[in-house]
Amino acid sequence: MRKIPNKRAQNMKAKQRANITFRMNILFFSIFILFTMLILRLGYLQIVKGEDYTRELARTEEVPVNTSVPRGRIFDSEGRIMVDNLPQRAITYTKMQTTKSEDMYEIAEELSLLIEKIPAGITKSDLQDFWLKENPEEALELVSDKERKKIEANEDLDKKEKSKEINRLTRSRITEEQLNSFTPEQLEIIAIYRVMASGYALSPQIIKGDDVKEEVTVEEFARVSERLGDLEGVNTTTDWRRVKNSSLAILGTTTLPKIGIPKERLDYFLARDYSRNDRVGTSYIEQQYEEVLQGQKSVVKNITDGKGRVIDIQTVFEGEPGKDLVLTMDSEVQLAHEEIIAKELLKYSNSYGGKYLEHAYFIMMDPYTGEVLSLVGKQVGRNEKTGAKEIQDYAFGAFTNAYEMGSTVKPATVLTGYREGIYSINGTLVDEPIRIKGSAPKSSVFNRSGSIRVSDLQALERSSNVFMFKTAFGVAGKNYVPNQSINFGTEAFLKMRSGYAQLGLGALTGIDLPGEVNGETGGFDDGKLLDLSIGQFDTYTTLQLAQFASTLANGGNRIQPHVVKEIREPSEDGVQLGKVVKEMTPTILNTVDNSRAEIEQVRKGMQRVYFGAKGTARGAFANAPFTGGGKTGTAQASEFDADLWRTFNTVNLTHIGFAPYDNPEIAYALVIPDASLESSYKTNFSTAIARELVDKYFEIKNKNKETTEIDSTSTSLIKPAFTNAKIDEEENE
């Protein structure tokens, strides 16, 4: 009998097969989609992003590296070297981003076998680091398990702070005996390691060669050079030391590589691609022209692998030395003036009246270009070794210290009188004692009691105080009436000071040196307006006084002074100066409001100071072989004696001038503060010193007049330094 098929079972199996087929189709479709997405993703990564990821796997980073390019040199106006670079052998170490302390210790140990390193500058922390490295098991025992657990259980500390606390506790328990147990060889390793560790990644550190007391020998240089393949990060190179051939302070100073960038200016220099151990100028010319002198370091491309390890270094830019500076000063003139000031300062400071005489300043300028021809500042000091009195350089004091200048400001007062309509050219006023109610009489030195009518020229020639006093009355809109009170008001002070500032008194000169001060304004006390008119109230710097003399000499243009004449490319052959990059041209800051005729009248009055029958400087200048004009000055000052606990009245001596008269090539100012005790003051000896200084300038000029003048547009020969002085950068620290 035939069986009848079970249709229900067949239908179930068919459904199961269909369901499996559907699921398999879904699975295969999903796999297809996934493979499609994977292929698309791989295509995207390889085609679109392939280059980006390739660069990421082999990253390159361009980093400025300190290759110790020579700093720009400094020459005087005649091409003589004033600041030079002395090449020296050096051994350096550059650590990478992935360098470990263990690696550096190994290299330090190997280097210690090749060179001799003075174990100087090692700190207690350095010794502790090395002891912990050499004695890891003993170090663990310094902190008990109980103490560790207590620290670990402290919930107020995070993981990093807990580690620091354990480390601090461990270090505190290392005994002095343990720290003093290192052999000389180990101390040498520590000294090398501490220099290596002090640097930043990709910033070379000088292991040996940056100290004049520890130079790299030829043998050491050769030994290390032979092993460079085994000493990763170590290199043998040439470094440079900064050497000055002059003690002139305004040349400035630079830091040493072991000191690097001053902390207070770290961000400023790092933003300009400096390395932390770069030399930088820290004062005066070196600081002012830092960006010119520094040069451009080489740029290298550090090729790293995916783990950040440097696998190759390629040079992108070789770097170039800093540019050279040519100064406005002739070393021969500068040194001659320094010697004169030093001689006279020592002489007068040894006299009884010169008990408080400590400084003397002199500046000579070209009144038409603003070039500073000599800038001298000297101070009385003591030799550190012998304690004997000696004269030291203090040139920067000529623009950082301000004093009451006395009668040298009177030409400015006369010009203010013209401008305010108090009198006109050849105008006269009566010189007589000025009697203010409640005050002692004020008079001129040459007329203590009489009544003499003097002209503007005579007022300058004889240095009339009263002519200036009455000018001040006029500026205030007042007439002098004997034995009455005065009430000038602030407007008169403002007018007087504004007129002075036009000429350079009480205004920054704009010199290309940092640190210039403006002097002090005394205020608006009615009784002091008369003192202001004769230079015995506000204070000014020697540089301001020299700019004032230049403004008078050139006919009324206030010229910005500058000590750098040219910026030049580095010399290509060491024989000739490089090409001129920039020549400093005259900068007129302002022109005086007075007419040329009024300024010329004042110049005539100054000429009479030198050559007039009653000129205050006639005794020193009447027989001069040159023409010119000037003005003498004395000012009452005071000095507090801390030993005697009392104040002594002193006298400041000043002098300004220009020569020749018709076409001045020099203008000058001499300031000797606290030159004498007022009780001992007899004569203005600054006048004779000024004559000697001017004579010396013309003597040197005439001696060298047959020498071909340097054409600033052509290349000139480099000349040796004028002196044999050698001041190493180490001596500036």
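Caption draft 1: Just the pairing of strand β3 (residues 81-93), in detail. With respect to burial, β3 is a largely interior element, ten of its 13 residues being buried. With two bridges joining them, strand β2 (residues 74-75) and β3 adopt antiparallel strand pairing. Each residue of the ladder has a partner; that of I74, found in β3, is V83. The turn linking β2 back onto β3 is made up of five residues, and G79 within it adopts a positive phi angle of 90°. Of the strand pairs in this sheet, β3 and strand β5 (residues 234-244) are connected by eleven bridges, and their pairing is antiparallel. Bridge pairing in β5 links Q88 to D239. Pairing of β3 with strand β4 (residues 205-208) involves three bridges; the strand directions are antiparallel. Its bridge partner lying in β4, I91 is registered against K208.

Caption draft 2: Quick look at unusual backbone geometry. P660 follows A659 through a cis peptide bond whose omega is -15°. By secondary structure assignment, the location of P660 is in the loop between β21 (646-659) and β22 (666-677). A positive phi angle is found at W645, which is not glycine, with a value near 55°. Taking the relative accessible area as the measure of exposure, W645 reaches 67% and is therefore exposed.

Caption draft 3: Just the packing of helix α16 (residues 410-419) against helix α18 (residues 465-475), in detail. Packing of α16 against α18 brings their axes to within 10 Å, and their N-to-C directions diverge by 40°. Here α16 is positioned oblique relative to α18, judged by the angle of their axes. In this structure, α16 meets α18 at a crossing whose hand is left-handed. Contact with α16, carried on its side by K410, T413, V414, T416 and G417, involves N465, F467, M468, T471 and V475 of α18 and no other residues of that element. The residue makeup of the contact of α16 with α18, split by class, is four nonpolar, five polar and one charged.

Caption draft 4: Main features of the pattern of salt bridges. Per the counting criterion, the structure on display carries 37 salt bridges. Its salt-bridge partner being R171, residue D129 comes within 2.2 Å of it at the nearest N-O pair. On the criterion of sequence distance, the pair formed by D129 in helix α4 (residues 124-134) and R171 in helix α7 (residues 159-172) is long-range, its members being 42 residues apart. Note on D129: relative accessible area 27%, which makes it partly exposed. By relative accessible area, R171 is classed as buried at 17%. Residue K703 is joined to E332 by a salt bridge in which the shortest nitrogen-to-oxygen separation is 2.9 Å. Of this pair, K703 sits in helix α24 (residues 686-703) while E332 sits in helix α14 (residues 331-349), and the two are 371 residues apart along the sequence. When its relative accessible area of 53% is taken as the criterion, K703 is described as exposed. Via salt bridges that share partners, D76, R80, D330, E332 and K703 belong to a single interconnected network.

Reading the values: rules and limits
Residues numbered from 1 in each chain as written. Predicted model: local features only at pLDDT ≥ 70, side-chain atom pairs only at ≥ 80, totals over all residues. Heavy atoms only, no water. Buried < 20%, exposed > 50% of the residue type's maximum accessible area, 1.4 Å probe, protein only. Helix = DSSP H or I, 4+ residues; strand = E, 2+ residues; numbered from the N terminus. Pairing = 2+ DSSP bridges. Axes fitted to C-alpha atoms, helices over the stretch in contact; angles between N-to-C directions. Parallel < 35°, antiparallel > 145°, perpendicular 65-115°, else oblique. Left-handed = near helix turned anticlockwise from the far one by under 90°. Contact = heavy atoms within 4.5 Å. Nonpolar A, V, L, I, M, F, W, Y, C, P; charged D, E, K, R; others polar. Salt bridge = Lys/Arg side-chain N within 4 Å of Asp/Glu carboxyl O.

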